[in-house]
Protein chains: 2
Amino acid sequence: MSPKITTELLKQLRQVMKSPKYVQEPVQAYIVPSGDAHQSEYIAPCDCRRAFISGFDGSAGTAIVTEQHAAMWTDGRYFLQAAHQMDNNWTLMKMGLKDTPTQEDWLVSVLPEGSKVGVDPFIIPADQWKRMSKALRSAGHDLVPVKENLIDTIWTDCPQRPCKPLITLDLSYTGVSWRDKIVALRSKMAERKVLWFVVTALDEVAWLFNLRGSDVEYNPVFFAYAVIGMNTIRLFIDGDRMTDPAVREHLQLDSTLDPEFKIQVMPYGSILSELQAVGAGLSPKEKVWLSDKASYALTEAIPKAYRYLTPYTPICIAKAVKNASETEGMRRAHVPKGTVTEIIAADKAEEFRSQQKDFVELSFATISSTGPNGAIIHYKPVPETNRTLSVNEIYLLDSGAQYKDGTTDVTRTMHFGTPSAYEKECFTYVLKGHIAVSAAIFPNGTKGHLLDSFARSALWDCGLDYLHGTGHGVGSFLNVHEGPCGISYKTFADEPLEAGMIVSDEPGYYEDGSFGIRIENVVLVIPAETKYNFKNRGSLTFEPLTLVPIQTKMIDVNLLTQKERNWVNDYHQKCREVIGAELERQGRHEALRWLIQETEPLIRVQ
Amino acid sequence: MSPKITTELLKQLRQVMKSPKYVQEPVQAYIVPSGDAHQSEYIAPCDCRRAFISGFDGSAGTAIVTEQHAAMWTDGRYFLQAAHQMDNNWTLMKMGLKDTPTQEDWLVSVLPEGSKVGVDPFIIPADQWKRMSKALRSAGHDLVPVKENLIDTIWTDCPQRPCKPLITLDLSYTGVSWRDKIVALRSKMAERKVLWFVVTALDEVAWLFNLRGSDVEYNPVFFAYAVIGMNTIRLFIDGDRMTDPAVREHLQLDSTLDPEFKIQVMPYGSILSELQAVGAGLSPKEKVWLSDKASYALTEAIPKAYRYLTPYTPICIAKAVKNASETEGMRRAHVPKGTVTEIIAADKAEEFRSQQKDFVELSFATISSTGPNGAIIHYKPVPETNRTLSVNEIYLLDSGAQYKDGTTDVTRTMHFGTPSAYEKECFTYVLKGHIAVSAAIFPNGTKGHLLDSFARSALWDCGLDYLHGTGHGVGSFLNVHEGPCGISYKTFADEPLEAGMIVSDEPGYYEDGSFGIRIENVVLVIPAETKYNFKNRGSLTFEPLTLVPIQTKMIDVNLLTQKERNWVNDYHQKCREVIGAELERQGRHEALRWLIQETEPLIRVQ
């Protein structure tokens with residue numbers, strides 16, 4: 001992986017930062033966040049502005065360019081990758097380490113007095129704008145919105161914004177019709193006494209209308225906004241997607257519906273002016289509900305006195321708690337089907353043995369890394385770094401797929417030869433952490449961050465740790481990373497866990513230059529049976545939805561307790577039963593033999 | 001415990017809330033926080049305004065009185081106590097439960113349009129003022145400062161503000177002179193480019209000047225403020241305390257000192273006008289550093305542009321990390337001495353048996369509760385509730401003392417007859433939680449909240465929990481509850497742990513109407529030895545400073561792992577060695593025999 005040479009690009013950017021054609025007054029710094037106008041985590045190629053300017057293409061990072069400096073903030077998952085992908089023009093700011101300055105503190109330390117700091121108001125969330133603007137102002141600087149995106153002005157071969165066809169989802173997948181979702185949303189609006197609700201997150205638009213798209217890789221969403229009034233529904237979306245008869249019927253665009261369910265379709269680009277018109281027409285006490293993570297541009301369209309901002313929208317919270325149809329779908333999605341294109345670990349392992357050289361060319365949304373590449377937490381194989389799998393190195397595979405009935409995300413770590421004692425030791429600590437979370441029992445309403453240390457305790461006892469959270473919310477045929485719940489040492493964005501939520505459980509260990517280990521299942525929050533049931537508050541635990549064997553060759557059985565051995569054996573028994581039955585039905589006998597072999601019970605050998 | 005009848009008092013308060021003598025305009029609600037002007041947790045009798053108006057005298061709670069309602073917010077430690085102490089005029093708002101409204105939300109729901117909500121600006125911290133003011137304003141109400149405290153106007157027999165003599169601490173106790181502390185503080189001020197630092201917390205004033213007092217029960221502090229400039233030191237303190245020759249010499253008030261260490265002594269009540277004068281004399285870029293928990297009144301004395309607010313002051317952080325003299329002192333304070341007035345558990349247990357009736361008259365700062373009283377987490381025996389100890393009930397003793405060399409805080413739970421299987425089961429889960437925290441190994445710089453669930457895991461597995469945090473910072477001959485670190489599911493006020501910090505480890509379990517269990521040691525954060533040492537980040541663990549036997553009769557040994565049994569046996573061995581040697585030296589043979597018997601090793605009996 002050789003770094004992107006950015007000298008010329010930075011020169012051009014610094015020129016437009018001073019050019020009266022683009023900025024009213026020169027800006028001494030320009031911020032390039034990693035999101036799009038919807039604050040998506042995964043973004044379309046046309047929105048990869050931070051990757052374009054810096055070379056670093058991980059999912060999280062913020063670039064700031066001043067006249068003298070260029071700096072990139074990212075978190076522990078990406079320290080190695082960012083260091084590899086960026087040239088010497090860039091300083092890497094390792095977030096989460098004690099001595100790393102915040103963006104605000106760094107700006108204050110490098111800027112000349114009375115500087116202007118520019119940012120695209122559509123790309124920066126309102127809450128971040130507020131925090132940064134305040135910090136800069138108190139040091140005598142100004143955060144200013146720059147209407148034209150300065151990266152776009154120098155990005156000559158910027159790809160077009162995608163506009164792919166939509167998929168409609170019927171009741172058997174979603175469990176609730178879009179009309180009923182609108183009714184529920186309006187009742188939440190009435191409760192909070194707001195007249196309008198602005199849907200800005202792409203997965204929230206998709207969920208609300210029971211539609212899916214493919215505008216963004218891996219996330220089945222499409223570019224759109226929606227504005228929901230008590231009697232009106234406006235959908236802002238481009239292209240000829242609304243001419244598709246299936247979509248027209250799904251949204252009942254041509255039926256003479258009750259007027260309050262009539263969807264007005266408007267151009268994607270008209271959201272700002274429409275919202276400004278809404279804002280201008282408000283009477284006192286009429287409020288507009290937005291996420292506090294909506295863009296600064298859209299938030300500013302509503303005068304301050306009329307805004308009702310919350311960290312989580314009612315859609316975000318409703319979406320996180322899966323209904324029976326969705327939960328059932330997630331279960332089905334985790335079992336191989338005759339028609340699926342996903343390759344389960346059984347098939348993969350077969351392929352690895354027969355076709356090792358070809359493997360990294362498979363076209364899956366996959367982290368496939370061997371040996372030292374495994375230590376790059378969000379590694380994605382590219383031709384320059386492509387390593388051949390071998391019997392001498394640990395292999396890490398993190399793959400997920402989207403099905404109409406659910407979203408999968410699984411990581412397994414394997415050795416095709418003989419792992420060293422140290423590799424087995426580390427793997428076993430990670431497994432102990434995985435089990436500690438998966439088998440944890442906790443009171444109803446516990447926040448996920450309180451479970452994070454369970455995943456680390458066995459590693460900590462030996463002085464090992466990993467620099468990422470333990471789990472993220474998972475959407476239902478939606479984004480594989482979804483709020484508002486998760487399991488992380490970070491305590492923001494952490495709504496209490498309740499039955500029906502789905503998260504990942506994925507502790508790891510990464511040895512720079514040597515190997516990476518991660519064991520990940522998608523797990524469903526379910527009620528638990530406990531002796532005393534928290535005085536009727538209710539008990540919760542997790543049920544693994546992912547059913548893929550955990551390589552027993554990597555386990556140092558003597559480091560496991562009896563309880564942990566039982567957990568592994570019960571889990572493998574369930575893999576045999578559920579996956580085995582399906583392989584049997586499909587007549588995949590070789591895979592079945594492999595499954596049986598990989599799920600042999602652990603026995604203490606000491 | 002019969003509730004306080006507050007009908008008449010509330011009537012009087014509602015009258016002054018409308019009286020032009022005290023308020024410019026009538027206030028429709030009046031907030032009575034529990035703190036004093038220094039935001040102390042424990043307060044002098046003259047500051048117990050919330051207890052006066054409501055009857056509820058726990059350490060945490062906020063009362064709000066409107067024309068129609070009177071409501072009290074408190075946390076899980078005090079649900080039972082508050083319910084017992086308040087009459088039917090009051091609604092108890094159980095903080096931490098899902099359906100309990102915040103104070104702001106509740107006010108918005110009950111107030112008529114355009115209401116004024118009054119509060120004493122000296123009692124409310126600036127950060128709370130800001131949050132509440134914003135929430136009220138967005139709903140069309142106003143938070144207004146009421147200069148005269150309205151409770152004081154109806155509190156006819158309000159006690160006087162205490163003004164007790166001071167104790168000076170020499171270098172052998174403090175390890176650092178007050179001059180050197182001022183030098184270190186000024187260097188932090190220079191780093192942050194501030195010209196003035198305002199010391200508002202009582203323990204910070206006491207720590208900075210190496211002085212102690214006894215104005216507040218149990219906390220060795222005195223009423224004072226300090227304002228530190230780059231060349232000036234102003235101490236705001238009342239009474240003739242500065243005439244004491246020992247104090248004069250300690251503070252070098254009469255020596256011809258370098259002018260920058262000359263202390264100007266001013267009246268306590270002049271802080272506001274002096275600070276306003278400082279604020280008025282500032283030039284642009286000259287900043288004044290205050291805690292964001294300083295009172296709204298003092299914060300407002302400095303114009304907004306000149307304020308530098310931080311959640312933790314440099315004094316708070318320096319104070320939390322104990323130096324060698326302080327750590328050594330804490331160790332000494334935990335061992336019985338010939339001259340101490342503390343009665344260690346050995347002596348107490350002897351007394352209990354011989355003099356049970358007298359026990360609650362002992363004059364210790366003590367939670368001494370038997371049977372159902374034990375379930376009242378911060379119970380304090382009073383004549384009406386006084387229960388006789390018996391061989392049929394669990395007895396909980398939480399006691400602490402102040403020594404010149406340190407502060408102790410210990411809880412033990414005992415049974416003098418035969419505990420039931422259920423009582424032993426619960427006790428053993430609590431013990432497992434205590435051990436899980438005490439023996440935890442974690443990376444340097446971990447925040448305490450990440451350890452909180454370790455204390456709960458064994459309880460959670462059976463559907464049990466406790467409604468309080470697991471530990472608090474402990475001062476060095478200072479407040480027994482001290483920031484900025486702790487171990488709690490609450491994540492605010494939680495600076496990373498580092499070697500030298502001292503916290504309590506005190507999980508519990510409380511069965512309403514039956515019993516309370518808590519096992520508390522004071523523990524010192526120390527470096528740990530780990531196999532891989534977090535890539536040189538460093539490993540931490542805890543060393544118990546408290547050395548008091550844990551009653552083995554209460555332990556169901558078969559619920560402990562081998563590791564946990566070893567922990568108990570090692571701990572008891574250390575009690576024998578350290579405490580035994582001291583008892584031997586003092587010739588206290590009966591206590592020694594008791595100690596030996598109580599520290600017999602646990603053996604698995606299954």
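Remember, it's a predicted structure, so these values are computed and weren't measured experimentally.

Draft legend 1. Spatial organisation of the environment of D215 of chain A. All names here are of chain A. In this structure, D215 sits in the loop between β9 (211-212) and β10 (224-229). Of the residues examined, D215 reaches a relative accessible area of 3% and is grouped as buried. Between the C-alpha atom of D215 and that of W289, which follows or precedes it by 74 residues, the distance is 26 Å. What D215 contacts, discounting residues up to four positions off in sequence, is A44, P162, C163, K164, V221, F222, F223 and R241. From its side chain, D215 meets the backbone nitrogen of F223 in a polar contact 2.9 Å long. At 2.8 Å, the side chain of D215 and the side chain of R241 are in polar contact.

Draft legend 2. The relation of the copies chain A and chain B, seen in detail. Between the two copies, chain A and chain B, the superposition gives an RMSD of 0.1 Å; the rotation angle is 180° and the shift along the axis is 0.1 Å. When the rotation and shift are considered jointly, the pair of chain copies conforms to a two-fold rotation axis. It is L450 of chain A whose C-alpha, among those of chain A, lies nearest the rotation axis, at 3.4 Å.

Draft legend 3. Highlighting the packing of helix α4 (residues 103-110) of chain B against helix α5 (residues 126-138) of chain B. Residues and elements named next belong to chain B. Orientation of α4 relative to α5, taken along the N-to-C sense of each, is 30°, at an axis distance of 10 Å. In terms of orientation, α4 and α5 fall into the roughly parallel class. Once α4 is placed against α5, the crossing between them reads as right-handed. Along its contact with α4, which presents Q103, E104, L107 and V108, the element α5 presents R131, M132, A135 and L136. Partitioned by chemical class, the residues of the contact of α4 with α5 number 5 nonpolar, 1 polar and 2 charged.

Draft legend 4. Broad picture of the sheet that holds strand β5 (residues 116-119) of chain B. All names here are of chain B. Here 6 strands make up an open sheet; going across it, the order is β4-β3-β2-β1-β5-β6 and the pairing mixed. With partners counted over all chains shown, the strands left at the sheet margins are β4 (91-94) and β6 (142-145), one partner each. The mean inter-strand angle of the sheet, taken between neighbouring strand axes irrespective of direction, is 25°. Bridge count between strand β3 (residues 70-74) and β4: 4 bridges; the pairing is parallel. Across the sheet, W73 pairs through a bridge with M93, a residue of β4.

Draft legend 5. Examining the interface of chain A and chain B more closely. On the chain B side, the residues contacting the 36 residues of chain A number 37 residues. Buried area between chain A and chain B, summed over both chains or domains, comes out near 2,900 Å², and the portion from carbon and sulfur atoms is 53%. On the surface where chain A and chain B come into contact, there are 5 salt bridges. Its salt-bridge partner being K531 of chain A, residue E425 of chain B comes within 2.6 Å of it at the nearest N-O pair. Put simply, the parts of the chain that give the side of chain A that touches chain B at least two residues each are α5 (126-138), α16 (421-438), β20 (442-443), α17 (452-461) and β24 (508-511) of chain A. Sorting elements by how many residues they give to the side of chain A that touches chain B places α17 of chain A first, with 5 residues.

Conventions adopted
Residues numbered from 1 in each chain as written. Chains lettered and ligands numbered in written order. Predicted model: local features only at pLDDT ≥ 70, side-chain atom pairs only at ≥ 80, totals over all residues. Heavy atoms only, no water. Helix = DSSP H or I, 4+ residues; strand = E, 2+ residues; numbered from the N terminus. Buried < 20%, exposed > 50% of the residue type's maximum accessible area, 1.4 Å probe, protein only. Contact = heavy atoms within 4.5 Å. Polar contact = N/O pair within 3.5 Å; in protein donor to acceptor, adjacent residues only side chain to side chain. Least-squares fit on C-alpha atoms with pLDDT ≥ 70 in both. Axes fitted to C-alpha atoms, helices over the stretch in contact; angles between N-to-C directions. Parallel < 35°, antiparallel > 145°, perpendicular 65-115°, else oblique. Left-handed = near helix turned anticlockwise from the far one by under 90°. Nonpolar A, V, L, I, M, F, W, Y, C, P; charged D, E, K, R; others polar. Pairing = 2+ DSSP bridges. Buried area = accessible area lost by both parts, 1.4 Å probe. Salt bridge = Lys/Arg side-chain N within 4 Å of Asp/Glu carboxyl O.

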